[in-house]
Structures are given as C-alpha cells and as structure tokens.
Amino acid sequence: MLFDFERDFAGSLRCIPMIARQKLDIVGIKLSLRQWSRFTREERGQLADLPCETVPEQATYRALVAHLIAARSDEPLRQLATRGLEAWQEEDQMPDAVRTQAQADGIAPPTPRQWAALLPLQRFALVKLARSKHENENFVPAMREFGLVQQHAGLLHDAGASPGSAAVSPARFRLPN
C-alpha cells in the first residue's frame, strides 16, 4: 500500500515507503536508503508486502531484513537507536509532534476523534512525517489525503470545522497532482 503523497518518490520503490518503514520500526531495524537501494525490486516489494503483525511474522520479517542486509550490503544491521514512534499505536492520544507540526504548517491538528479514526499506518505516517527533519513537506499532503484538511478557495481548512457547512466530503476529496 502506497499513499498518494508518496507515489512520486516511493512508487518505484526507490525510496522506502511508509508501509515498509512502519514494519522496520516494529522490528527495531534502522535501514539506510543505501541498504534499501541494494535490494532487488522484488525484495523491496516483498518487504512492503509481507505481514508484520504477529510475533512470528515479526520474527520472519526481521530475519529476512537481516539476511538481505548481510547478502546485499557492506553495512551492518543497525538497531533503532531510539524507539518512540510507537505513539502511532495510541488511538486515544495524539503525539505532541503531530500537533506541533500541524501548527507550524498553519493547519489545525487532528481532533481526538479524527486521530482515533485513522488507520494505524496513517497515524504512523503522520508521526514519522512530523518528526522527520527532511520530509515534513509531505505532512500537509498526508493530512489532506487522510481527510483531515481540505482546500477551499485556495485556503486550507479543518475538515468538518464548521458544523453544518456544505464542505466536500474528506473521504472523497483528492487534490490533483
């Protein structure tokens, strides 16, 4: 699964898509883009597609990544130095980084109800984009894609901010590329 906001840079799997980043974080492996680029297209696709929810699936995923790094890269396997992105798993508590990034971008952060309604991968993406030093330009497009903001007359607005308004349904709203 690729998000619309990442199709330009991750659609070819040249970059690590959010779905693979989430799985790498779950298993505690820091994978460099250089290591990722040494994997075959099929291997990168496999890392994006493999399940990684149960403990056995996570063990299999971790073993595969370790094997690929050893086979294709001259760099060692590195553990994540700091965890902490687990905050995406909390439906009832949005991390401060998301709130701070939204405010820095001049948009309202998700409401508690909106945060809880997001898919886990969507919450992961927002946390990752909010904490990233080089990718937070994708934060607003991700918020828009997830139906949390919409564009109206050239301005960004909170999705559903004005009760009773005839706003475009966030679930169906997509901006042209």
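**Let's talk about the packing of aromatic side chains**
The relative placement of two aromatic rings is captured by the distance of their centres and the angle of their planes.
Here's step 1: In the structure shown here, the tally under the stated rule is five aromatic pairs.
Here's step 2: Arranged with centres 5.4 Å apart and planes meeting at 15 degrees, the rings of phenylalanine 3 and phenylalanine 5 form a pair that is stacked.
Here's step 3: Judged by relative accessible area, which is 2%, phenylalanine 3 ranks as buried.
Here's step 4: Relative accessible area serves as the criterion here: at 8%, phenylalanine 5 is assigned to the buried category.
Here's step 5: Joined through ring pairs, the aromatic side chains of Phe3, Phe5 and Phe146 make up one cluster.

**Here we look at the confidence of the model for the chain**
Here's step 1: Looking at the chain, the pLDDT average stands at 82 and 78% of residues meet or exceed 70.
Here's step 2: For the stretch residues 152-157, pLDDT sits under 50, and the model shows 10 contacts to residues farther than four places along the chain or on other chains.
Here's step 3: Segment residues 160-177: pLDDT under 50, and 13 contacts once partners within four positions in sequence are set aside and those in other chains are kept.

**A closer look at the nonpolar core**
Here's step 1: Counting residues in each nonpolar core, the largest one holds 26 residues, and the members touching the most others are Phe5, Met18, Val98, Leu126, Phe139 and Phe146.
Here's step 2: For this core, the elements supplying multiple residues, two or more each, are helix H2 (18-27), helix H6 (96-104), helix H8 (120-131) and helix H9 (139-145).
Here's step 3: By residue number, the principal contributor to this core is H8, which donates seven residues.
Here's step 4: Residues contacting phenylalanine 139, with those up to four places away along its chain left out, are Val98, Gln101, Ala102, Asp105, Ile107, Leu126, Leu129 and Ala130.
Here's step 5: Counting 16 residues, the second largest nonpolar core, distinct from the first, contains Leu13, Val27, Ile29 and Leu47.

**So, the environment of glutamate 42**
Here's step 1: Along the chain, the position of glutamate 42 falls in helix H4 (residues 41-49).
Here's step 2: A residue is classified by how much of its surface remains accessible, and glutamate 42, at 61% relative accessible area, is exposed.
Here's step 3: Expressed as a C-alpha distance, the spacing of glutamate 42 and leucine 13, which sit 29 residues apart in the sequence, is 9.6 Å.

**Brief notes about the pattern of salt bridges**
Here's step 1: One pass over the structure, following the stated rule, counts six salt bridges.
Here's step 2: Put simply, arginine 34 and glutamate 75 hold a salt bridge, and the shortest N to O gap is 3.0 Å. On the criterion of sequence distance, the pair formed by arginine 34 in helix H3 (residues 33-38) and glutamate 75 in the loop between helix H5 (55-72) and strand E2 (78-79) is long-range, its members being 41 residues apart.
Here's step 3: Notably, a salt bridge pairs glutamate 43 with arginine 72, separated by 2.5 Å at the nearest N-O pair. Residue glutamate 43 is found in helix H4, and its partner arginine 72 is found in helix H5; the two are separated by 29 residues along the sequence.
Here's step 4: Taking the relative accessible area as the measure of exposure, glutamate 43 reaches 11% and is therefore buried.
Here's step 5: Accessibility expressed as a relative area gives 35% for arginine 72, which makes it partly exposed.
Here's step 6: Beyond isolated ion pairs, a larger network of salt bridges with shared partners links Arg34, Arg38, Asp74 and Glu75.

Parameters and conventions
- Chains are numbered independently. Their residues run from 1 in the order of the written sequence.
- Totals for whole chains, interfaces and linings use every residue, but because this is a predicted model, local features are given only for residues with pLDDT of at least 70 and side-chain atom pairs only at 80 or more, for both listing and counting.
- Note: side-chain values were computed over all heavy atoms of the structure, leaving out hydrogens and water.
- Here a pair means two rings of Phe, Tyr or Trp (six-membered ring of Trp) with centres within 6.5 Å. Their orientation is stacked below 30 degrees between planes, edge-to-face above 60, and tilted elsewhere.
- Note on classification: 1.4 Å probe, protein chains only; a residue is buried when its accessible area is under 20% of the maximum for its type, exposed when over 50%, partly exposed between these limits.
- The score called pLDDT rates the predictor's confidence residue by residue, from a low of 0 to a high of 100.
- Residue contacts are defined here by distance: any two heavy atoms, one from each residue, within 4.5 Å place the two residues in contact.
- To qualify as a nonpolar core, a set must consist of buried Ala, Val, Leu, Ile, Met, Phe, Trp, Tyr and Cys residues joined through side-chain atoms within 4.5 Å.
- To qualify as a helix, a DSSP run of H or I must reach at least 4 residues; to qualify as a strand, a run of E must reach at least 2; elements of each kind are numbered from the N terminus.
- A side-chain nitrogen of Lys or Arg and a carboxyl oxygen of Asp or Glu constitute a salt bridge if their distance falls within 4 Å.

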